Amino acid sequence: MLDFRVEYRDRNVDVVLEDSCTVGEIKQILENELQIPVSKMLLKGWKTGDVEDSTVLKSLHLPKNNSLYVLTPDLPPPSSSSHTGALQESLNQNFMLIITHREVQREYNLNFSGSSTIQEVKRNVYDLTSIPVRHQLWEGWPPSATDDSMCLAESGLSYPCHRLTVGRRSSPAQTREQSEEQSTDVHMVSDSDGDDFEDAPEFGVDDGEVFGMASSALRKSPMMPENAENEGDALLQFTAEFSSRYGDCHPVFFIGSLEAAFQEAFYVKARDRKLLAIYLHHDESVLTNVFCSQMLCAESVVSYLSQNFITWAWDLTKDANRARFLTMCNRHFGSVVAQTVRTQKTDQFPLFLIIMGKRSSNEVLNVIQGNTTVDELMMRLMAAMEIFTAQQQEDIKDEDEREARENVKREQDEAYRLSLEADRAKREAHEREMAEQFRLEQIRKEQEEEREAIRLSLEQALPPEPKEEDAEPVSKLRIRTPSGEFLERRFLASNKLQIVFDFVASKGFPWDEFKLLSTFPRRDVSSCACLGKCVQVGGIP
């Protein structure tokens with residue numbers, strides 16, 4: 001089972017379906033709930049982009065909980081004079097009021113929701129024109145607009161646009177005269193905003209000055225300090241002031257420098273990248289209040305921005321902050337974008353810059369001005385998201401291929417390194433083996449040389465071999481070596497056994513390595529207790 005929370009304007013519909021159902025079945029349920037024809041309905045918010053009505057939900061690999069949005073750009077609004085359901089729908093609509101300031105011949109385009117009251121409109125006009133509510137003289141209100149507490153949806157205004165004219169009521173006599181002449185078009189003003197100043201003319205103080213002083217005293221704090229040294233601290237104040245003005249339901253503004261926002265949005269793995277939305281605020285623009293309260297703080301816009309964008313903000317009200325941003329803009333986006341922002345008029349603010357990071361540069365996909373609607377803002381954000389998604393898929397593919405190549409290269413480098421280590425280990429083992437052989441060979445040679453020296457010295461020290469006809473008794477010894485050869489020599493009977501051993505040793509058989517055995521009786525001559533015995537005494541025949 002999949003849960004869907006579908007938002008349409010300010011209304012939410014919860015839909016629960018099995019993953020074997022199709023997108024078209026969701027639209028059929030929404031058609032019954034919202035009374036919107038399926039043919040006029042655009043169901044947005046899919047992570048994979050737009051999908052067909054026949055698409056099976058299971059094939060989209062959706063999570064358990066999902067958020068979608070319904071857009072109806074081609075659907076005409078219902079009449080405000082219809083039944084209660086139509087009235088409720090009108091409360092969710094936005095009215096464009098084209099208000100002309102008579103004295104200065106200036107025109108303001110203001111967006112208000114259907115739930116806004118006439119009193120709220122007049123107070124907003126006071127902020128723009130400095131004409132106190134009690135001194136505003138209006139033309140163009142419908143006859144049904146009889147109470148300032150009445151909401152716009154039930155006041156009889158033309159949808160989606162309605163024209164009004166406002167001027168200053170210069171004197172009580174002129175006010176009464178204008179009221180009599182235009183009784184059908186002039187709406188009665190509220191006295192609630194002027195009660196505290198009813199006696200001002202009696203003291204010789206102009207009403208406009210009194211209200212100007214009150215306006216200055218109640219002026220809002222700046223969104224951002226001028227000449228802030230740290231961008232993060234400036235954005236902390238911006239976020240706090242934005243929340244105090246428009247509530248806590250607003251985009252999550254990135255706290256940090258613009259460079260840090262780039263790092264967060266662009267310089268990560270392709271799967272984790274996001275678009276960068278730069279919100280440029282201007283307190284002196286007539287569109288700022290409406291744009292922030294009704295569009296930027298709309299739940300659908302806030303949710304979509306938090307899921308898909310890194311949102312960074314800056315206040316251009318102060319000249320120093322404006323110049324600082326233009327410098328950053330010129331450095332990061334180039335002179336063309338900086339010039340575009342520089343040439344924007346005050347009444348065209350706020351601006352929304354949609355930035356997409358590319359390999360070699362940062363591309364501005366869209367510049368959204370303040371005179372827009374929630375639906376248009378959502379559609380432009382989604383259009384930018386579709387472009388970004390296509391680019392992101394290419395980047396993910398390139399990144400995966402690059403990582404695969406790098407993995408292969410790493411594996412090859414590791415195999416080569418292991419091969420080198422194995423070869424080095426073999427070479428070192430061979431060198432150690434050769435060194436050991438050389439050492440043993442040296443020892444063997446030294447031992448052989450030592451034995452040869454001993455053998456020669458023994459051979460030289462042997463007494464001469466006696467002749468058989470020698471006058472002294474002579475013993476002839478025949479000695480069989482381990483190899484089967486025989487050694488023969490004559491010894492004087494008076495010779496010591498040591499001379500026999502020295503003779504055998506001089507032939508390469510040292511007595512400490514070999515034994516000298518007699519044949520019969522068999523005994524070990526080498527173990528004779530006294531090597532000083534004579535050959536004859538030793539019993540060797």
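Remember, it's a predicted structure, so these values are computed and weren't measured experimentally. (Residues numbered from 1 in each chain as written. Predicted model: local features only at pLDDT ≥ 70, side-chain atom pairs only at ≥ 80, totals over all residues. Heavy atoms only, no water.)

1. Side note on the overall build of the chain
1) Next: Scanning the chain for helices and strands turns up 13 helices and 16 strands.
2) Next: The buried share of the chain, taken over its 541 residues, is 42%.
3) Next: A sequence separation of at least 24 residues applies to 64% of the contacts in the chain between residues at least 6 apart.
4) Next: Here the chain has roughly 30,200 Å² of accessible surface; of this, 50% comes from carbon and sulfur atoms. (Helix = DSSP H or I, 4+ residues; strand = E, 2+ residues; numbered from the N terminus. Buried < 20%, exposed > 50% of the residue type's maximum accessible area, 1.4 Å probe, protein only. Contact = heavy atoms within 4.5 Å. Areas by Shrake-Rupley, 256 points an atom, 1.4 Å probe, with all protein chains shown as cover.)

2. What about the confidence of the model for the chain?
1) Next: Averaged over every residue, the pLDDT of the chain is 80; residues scoring 70 or more account for 85%.
2) Next: Scored below 50 in pLDDT, residues 79-83 makes five contacts in the model with residues more than four places away or belonging to other chains.
3) Next: Low confidence marks residues 172-219, where pLDDT is under 50. Its contacts with residues over four positions away, or in another chain, come to 59 contacts. (pLDDT = per-residue confidence, 0-100.)

3. Concerning the side chain of D315
1) Next: With respect to the secondary-structure elements, D315 resides in strand β10 (residues 309-315).
2) Next: Of the side chains bearing the opposite charge, R245 lies closest to the buried D315, which forms no salt bridge; the N-O distance is 6.7 Å.
3) Next: Here T317 takes part through its side chain, which lies 2.7 Å from a polar atom of the side chain of D315.
4) Next: Non-local contacts of D315, meaning those with residues more than four positions away in its chain, are made with M223, M224, F238, H281, H282, D283 and N321. (Lys, Arg positive; Asp, Glu negative; His and termini not counted. Salt bridge = Lys/Arg side-chain N within 4 Å of Asp/Glu carboxyl O. Polar contact = N/O pair within 3.5 Å; in protein donor to acceptor, adjacent residues only side chain to side chain.)

4. Thoughts on the sheet that holds strand β5 (residues 94-101)
1) Next: Pairing is mixed in the open sheet, where four strands are placed in the order β6-β5-β8-β7. Each edge of the sheet is formed by a strand with only one pairing partner; in this case those strands are β6 (106-113) and β7 (136-139). Here the strands of the sheet are splayed against their neighbours by 30 degrees on average, with no regard to which way each runs.
2) Next: Relative to β6, helix α3 (residues 118-129) is tilted by about 145 degrees, and along the sheet it contacts β5, β6, β7 and β8 (161-168).
3) Next: With respect to the sheet, helix α8 (residues 288-296) is in contact with β5 and β6, its orientation differing from that of β6 by roughly 20 degrees. (Pairing = 2+ DSSP bridges. Axes fitted to C-alpha atoms, helices over the stretch in contact; angles between N-to-C directions.)

5. Examining the pattern of salt bridges
1) Next: Under the counting rule described, the total for this entry stands at 27 salt bridges.
2) Next: Its salt-bridge partner being E421, residue R417 comes within 2.4 Å of it at the nearest N-O pair. Of this pair, R417 and E421 both sit in helix α12 (residues 374-461), separated by four residues, roughly a single helical turn.
3) Next: Residue R417 is classed as partly exposed on the basis of its relative accessible area, which comes to 35%.
4) Next: The salt bridge involving E441 is made with R444; its shortest N-O contact spans 2.1 Å. Of this pair, E441 and R444 both sit in helix α12, three residues apart, which is roughly one turn of that helix.
5) Next: Via salt bridges that share partners, E241, R245 and D283 belong to a single interconnected network.

6. With respect to the nonpolar core
1) Next: If you look at the biggest cluster of nonpolar residues, it comprises 64 residues, and the most contacted ones within it are L276, W312 and F325.
2) Next: Take this core: its biggest share by element is eight residues, from α12.
3) Next: The next biggest cluster of nonpolar side chains, apart from the first, holds 20 residues, and it includes V13, V15, L30 and L34. (Core = buried A, V, L, I, M, F, W, Y, C linked by side-chain atoms within 4.5 Å.)

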